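Survey of secondary and tertiary structure
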Protein chains: 2
Amino acid sequence: MDIRNVVVAGGGVLGSQIAFQSAYKGCNVKVWLRSEGSIDRAKPKFERLKGIYLNTLEAMKTNPAAYCRGLAPKDATPEQLDALKAQVEAAYEGLTLTTSYEEAAADADLVIECIAEDPKQKVAFYTELAKHLPERTIVVTNSSTMLPSAFAQYTGRPEKYLALHFANEIWRNNTAEVMGHAGTDPAAYDAVVAFAEQIGMIPLKLHKEQPGYILNSMLVPFLSAAEALLANEVADVETIDRTWQLATGAPIGPFRILDVVGLTTAYNIGMLDPRAADPATVQGKVAAMLKRYIDEGKTGVNAGEGFYKYR
Amino acid sequence: MDIRNVVVAGGGVLGSQIAFQSAYKGCNVKVWLRSEGSIDRAKPKFERLKGIYLNTLEAMKTNPAAYCRGLAPKDATPEQLDALKAQVEAAYEGLTLTTSYEEAAADADLVIECIAEDPKQKVAFYTELAKHLPERTIVVTNSSTMLPSAFAQYTGRPEKYLALHFANEIWRNNTAEVMGHAGTDPAAYDAVVAFAEQIGMIPLKLHKEQPGYILNSMLVPFLSAAEALLANEVADVETIDRTWQLATGAPIGPFRILDVVGLTTAYNIGMLDPRAADPATVQGKVAAMLKRYIDEGKTGVNAGEGFYKYR
């Protein structure tokens with residue numbers, strides 16, 4: 001199954017990155033957006049991505065540290081990098097933005113759903129989309145928190161529906177977790193794995209549904225344990241990070257990871273646990289601690305300060 | 001408080017390493033052992049450590065990858081490394097091995113307890129030791145699994161008793177977690193922190209008692225999450241490790257760490273959870289999976305095979 005015509009639904013942080021990367025790697029990409037307002041908000045994101053891609057490819061000519069796995073082979077020559085810069089321009093020019101289901105769905109090989117993490121919105125989107133899609137089209141969700149089995153019935157093609165979950169800064173962090181539900185056809189699964197490779201991703205295969213996929217299934221308990229040590233005043237941020245780095249050789253410890261993830265996200269994940277409502281529990285102490293940081297505006301790297309200062 | 005006269009109780013893997021490292025860094029070291037048989041078993045360990053220290057220092061003259069943080073400053077010259085090799089010989093010659101409490105205790109500034117992880121044996125040891133120790137002596141435990149508050153009352157000096165927990169291959173993995181109980185005198189705590197630095201360790205300070213200290217408090221839930229993904233057949237060993245490495249930049253993933261830790265240790269830790277007895281639970285599935293590997297002799301790096309092959 002050859003995937004050339006790709007629809008990305010949603011122009012948020014990840015949606016815009018996935019659309020741009022797919023176009024950069026040669027796909028015909030249409031971006032479906034809810035409204036003209038969404039189109040206006042998405043346009044500067046693509047402008048910004050074009051700049052990042054061009055600057056990164058230029059930097060890769062001379063600076064090995066600038067290398068991004070999703071953009072080029074490690075040994076690309078300056079001439080090859082110039083050719084890739086031309087692809088960036090072509091990708092940017094070739095993007096089609098539309099609010100029309102008909103226009104988006106016609107001729108789509110693959111739809112990548114990147115709309116809000118709101119079940120109602122997702123159900124409404126899939127239900128309307130299904131009316132317009134060719135039978136052959138595969139549909140994937142980039143949802144971080146929901147399982148494909150929850151939506152398969154609304155897509156009109158449960159056997160061609162699965163999850164393809166990207167990481168932020170897709171051109172650099174080029175992993176894609178591929179996860180079907182019990183009714184996903186292996187042929188559709190394999191086609192999505194091949195598509196991930198085609199757009200420069202490293203596919204990470206899950207054999208069954210797993211909330212949190214592979215990465216968050218490990219990252220969340222690890223980060224929660226670090227948060228608990230701090231909230232219980234067992235040790236300070238620097239000591240906990242240093243312990244992890246010295247013992248495992250990791251480049252950064254849990255609190256630098258949390259600063260990248262963002263403390264608001266960490267707080268929201270923590271609040272999913274009902275025990276977080278009780279201030280006497282570890283979960284409650286962690287929530288209260290994160291809330292103090294958030295209330296002070298220390299939400300992580302993007303804010304310039306989290307557990308560490310970045311400005 | 002200047003610590004020069006050190007007693008290490010126990011000649012096992014860690015006891016022998018701690019004794020040798022302390023002697024290498026200039027302390028007068030007596031090793032207390034339970035019996036003449038224990039002395040015979042400890043001697044080849046010190047012989048082996050002498051060889052490792054000498055070979056490592058020699059290799060550090062030419063091979064940056066051989067560098068071990070616990071042995072020398074990063075920029076040591078070949079002449080300085082030769083001088084350190086002489087210290088290794090002196091350390092080896094200077095070690096005193098004894099089965100006598102009196103001989104061990106007389107004039108001790110610090111006793112480092114590294115005997116078996118058996119509460120009864122520890123209580124018996126502390127109770128007898130207390131009869132012979134000078135009042136000033138500080139006592140620490142290297143226990144991985146027990147808390148100092150459980151034994152403080154038997155030492156005859158609860159305020160001068162705390163935990164100093166080393167990592168295996170102390171000359172390379174030179175961290176030492178320092179953990180008091182509620183009644184530990186801050187002066188004794190600070191003296192132990194200073195001692196850790198004196199013998200080339202990086203002290204990692206805990207402000208209160210914490211089962212598992214800092215490292216295992218994070219490592220155990222992280223490794224358990226990885227084990228659960230495998231036992232639930234969500235993904236394979238290589239995919240799970242690769243996901244962790246790609247996402248966090250870590251040099252190795254959870255299953256390579258488990259191979260170093262040893263699957264028997266992982267199994268024993270898992271079995272501490274009562275849910276592991278029920279084969280229907282995740283904990284039970286993890287235990288059954290680890291037992292299959294162990295039964296096949298695949299216990300980790302030391303056996304030549306665990307989740308990966310090493311020969």
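Residues numbered from 1 in each chain as written. Chains lettered and ligands numbered in written order. Predicted model: local features only at pLDDT ≥ 70, side-chain atom pairs only at ≥ 80, totals over all residues. Heavy atoms only, no water.

What follows deals with the packing of helix H7 (residues 215-231) of chain A against helix H9 (residues 254-261) of chain A. All names here are of chain A. Orientation of H7 relative to H9, taken along the N-to-C sense of each, is 115°, at an axis distance of 10 Å. Put simply, H7 runs roughly perpendicular to H9. In the packing of H7 onto H9, the handedness of the crossing is left-handed. The segment H7 lies against H9, with Leu 219, Phe 222, Leu 223, Ala 226, Glu 227 and Leu 230 engaging Pro 254, Phe 255, Ile 257 and Leu 258. Of the residues contributing to the contact of H7 with H9, the split by class is nine nonpolar, no polar and one charged. (Axes fitted to C-alpha atoms, helices over the stretch in contact; angles between N-to-C directions. Helix = DSSP H or I, 4+ residues; strand = E, 2+ residues; numbered from the N terminus. Parallel < 35°, antiparallel > 145°, perpendicular 65-115°, else oblique. Left-handed = near helix turned anticlockwise from the far one by under 90°. Contact = heavy atoms within 4.5 Å. Nonpolar A, V, L, I, M, F, W, Y, C, P; charged D, E, K, R; others polar.)

Next up on the list: the relation of the copies chain A and chain B. When chain A is brought onto chain B, the operation consists of a screw motion whose angular component is 180° and whose axial shift is 0.0 Å, with 0.1 Å RMSD remaining. Between the two chains, the operation in question is that of a two-fold axis. The residues that chain A uses at the interface reappear at the interface of chain B in 100% of cases, marking a shared surface. (Least-squares fit on C-alpha atoms with pLDDT ≥ 70 in both.)

The subject of this paragraph is the nonpolar core. The biggest cluster of nonpolar side chains holds 72 residues, and the ones touching the most others in it are Phe307(A) and Phe307(B). Once you skip the residues sitting within four places of it in the chain, Phe307(B) turns out to touch Leu230(B), Val237(B), Phe255(B), Leu258(B), Asp259(B), Leu263(B), Leu290(B) and Tyr293(B). (Core = buried A, V, L, I, M, F, W, Y, C linked by side-chain atoms within 4.5 Å. Buried < 20%, exposed > 50% of the residue type's maximum accessible area, 1.4 Å probe, protein only.)

Each partner contributes residues to the interface: chain A has 38 residues there, and chain B has 39 residues. For the pair chain A and chain B, the summed buried surface comes to about 3300 Å²; carbon and sulfur atoms form 75% of the total. For chain A, the biggest contributors to the area lost against chain B are Met218(A), Val234(A) and Leu246(A); these three give 20% of the whole. In this structure, the connection of chain A to chain B is made through zero salt bridges. At the surface where chain A touches chain B, the tally comes to four residue pairs in polar contact (both at pLDDT 80 or more). Of all the secondary structure elements, the ones that give two or more residues to the side of chain A that touches chain B are strand E7 (175-180), strand E8 (202-205), H7 and helix H8 (237-248) of chain A. Looking at the side of chain A that touches chain B, the element that brings in the most residues is H7(A), giving nine residues. When its residues are assigned to classes, the side of chain A that touches chain B shows 22 nonpolar, nine polar and seven charged. (Buried area = accessible area lost by both parts, 1.4 Å probe. Salt bridge = Lys/Arg side-chain N within 4 Å of Asp/Glu carboxyl O. Polar contact = N/O pair within 3.5 Å; in protein donor to acceptor, adjacent residues only side chain to side chain.)

The next point concerns the domain arrangement of chain A. The domain architecture assigned to chain A consists of domain 1 (5-205) and domain 2 (219-301). A C-alpha centroid distance of 31 Å is found between domain 1 of chain A and domain 2 of chain A. (Domains from an automatic or database assignment.)

To continue, consider the side chain of Ser143(B). Residue and element names in this part refer to chain B. Tracing the chain through its elements places Ser 143 in the loop between strand E5 (138-141) and strand E6 (161-166). Engagement of the side chain of Ser 143 in a polar contact is seen with the backbone nitrogen of Thr 145, the distance being 3.3 Å. Those residues in contact with Ser 143 that lie beyond four places of it in its chain are Glu 117, Lys 122, His 165 and Tyr 213.

Residue and element names in this part refer to chain A. The eight strands are arranged E3-E2-E1-E4-E5-E6-E7-E8 in an open sheet whose pairing can be described as mixed. Single-partner strands in this sheet number two, and they are strand E3 (96-98) and E8. Each strand axis lies, on average, 25° off the axis of its neighbour in the sheet, ignoring direction. With three bridges joining them, strand E5 (residues 138-141) and strand E6 (residues 161-166) adopt parallel strand pairing. Looking at the pairing, Val 139 lines up with Tyr 161 of E6. Running at roughly 165° to strand E2 (residues 28-32), helix H1 (residues 13-24) makes contact with strand E1 (5-9), E2, strand E4 (110-113) and E6 of the sheet. (Pairing = 2+ DSSP bridges.)

The next subject is the pairing of E1(A). Residue and element names in this part refer to chain A. Across the five residues that make up E1, a large majority, five, are buried. Residues Asn 5, Val 7 and Ala 9 point to one face of E1 and Val 6 and Val 8 to the other, with burial holding for every one of them. Bridge count between E1 and E2: five bridges; the pairing is parallel. Each bridged residue has a counterpart across the sheet, and for Val 8 the counterpart in E2 is Val 31. Here four bridges tie E1 to E4, and the two strands are oriented parallel to one another. By the bridge assignment for E4, Val 6 is matched with Leu 110.

Inspection of every chain in the model, using the stated rule, returns 27 aromatic pairs over all chains. Plain terms: the ring middles of Phe255(A) and Phe307(A) are 4.7 Å apart, the flat faces sit at 65° to each other, and that makes the pair edge-to-face. Taken together, the positions of Phe255(A) in helix H9 and Phe307(A) in the segment after helix H11 (282-295) put the pair 52 residues apart, joining distant regions of the chain. Judged by its relative accessible area of 0%, Phe255(A) is buried. With a centroid separation of 4.3 Å and 40° between ring planes, the pair formed by Phe222(B) and Trp244(B) is classed as tilted. Taken as a pair, Phe222(B) in helix H7 (residues 215-231) and Trp244(B) in helix H8 (residues 237-248) lie far apart in primary sequence, 22 residues in all. Following the ring pairs from residue to residue traces out a cluster consisting of Trp32(A), Tyr101(A), Phe125(A), Tyr126(A), Phe151(A) and Tyr161(A). Over the aromatic face of Tyr92(A) sits the side chain of Lys50(A), whose NZ or CZ is 4.3 Å from the ring centroid. (Phe/Tyr/Trp six-rings, centres within 6.5 Å; stacked < 30°, edge-to-face > 60°. Lys NZ or Arg CZ within 6 Å of the ring centre and 35° of its normal.)

It is worth spelling out H7(A) at this point. Residues and elements named next belong to chain A. Taking 1.5 Å of rise per residue, the 17 residues of H7 would be expected to cover 24 Å, and the 24 Å separating its terminal C-alpha atoms lies within 8% of that figure. With 13 of its 17 residues buried, H7 lies for the most part within the structure. The first or second residue beyond H7 is Glu 233, which carries a positive phi of 60°. (Expected span 1.5 Å × (residues − 1).)

As a further point, take the sheet that holds strand E7 (residues 175-180) of chain B. Spatial ordering of the open sheet is given by E3-E2-E1-E4-E5-E6-E7-E8 (chain B), a layout of eight strands whose pairing is mixed. For this open sheet the edge positions go to strand E3 (96-98) and strand E8 (202-205) of chain B, each flanked by a neighbour on one side alone. For this sheet, the mean angle separating the axes of adjacent strands, direction not counted, is 25°. Across the sheet, H8(A) touches E7 and E8 of chain B, and the angle it forms with E8(B) is around 135°. The strands that helix H2 (residues 36-59) of chain B touches are strand E2 (28-32) and E3 of chain B; relative to E3(B), the one it contacts most, it runs at about 160°.

The next point concerns the state of the cysteines. Residue and element names in this part refer to chain A. Within the structure shown, the criterion is met by zero disulfides over all chains. Cys 68 forms no disulfide, and the closest cysteine sulfur to it belongs to Cys 27, at a distance of 19 Å. Assessed through its relative accessible area of 1%, Cys 68 is described here as buried. (Disulfide = S-S within 2.5 Å.)

Turning our eyes to something else, we now look at the environment of Ser35(A). Residues and elements named next belong to chain A. Within the secondary structure layout, Ser 35 lies in the loop between E2 and helix H2 (36-59). With 210 residues separating them along the chain, Ser 35 and Gln 245 place their C-alpha atoms 46 Å apart. Sequence-distant contacts of Ser 35, defined by excluding residues within four places in its chain, comprise Arg 41 and Thr 99.

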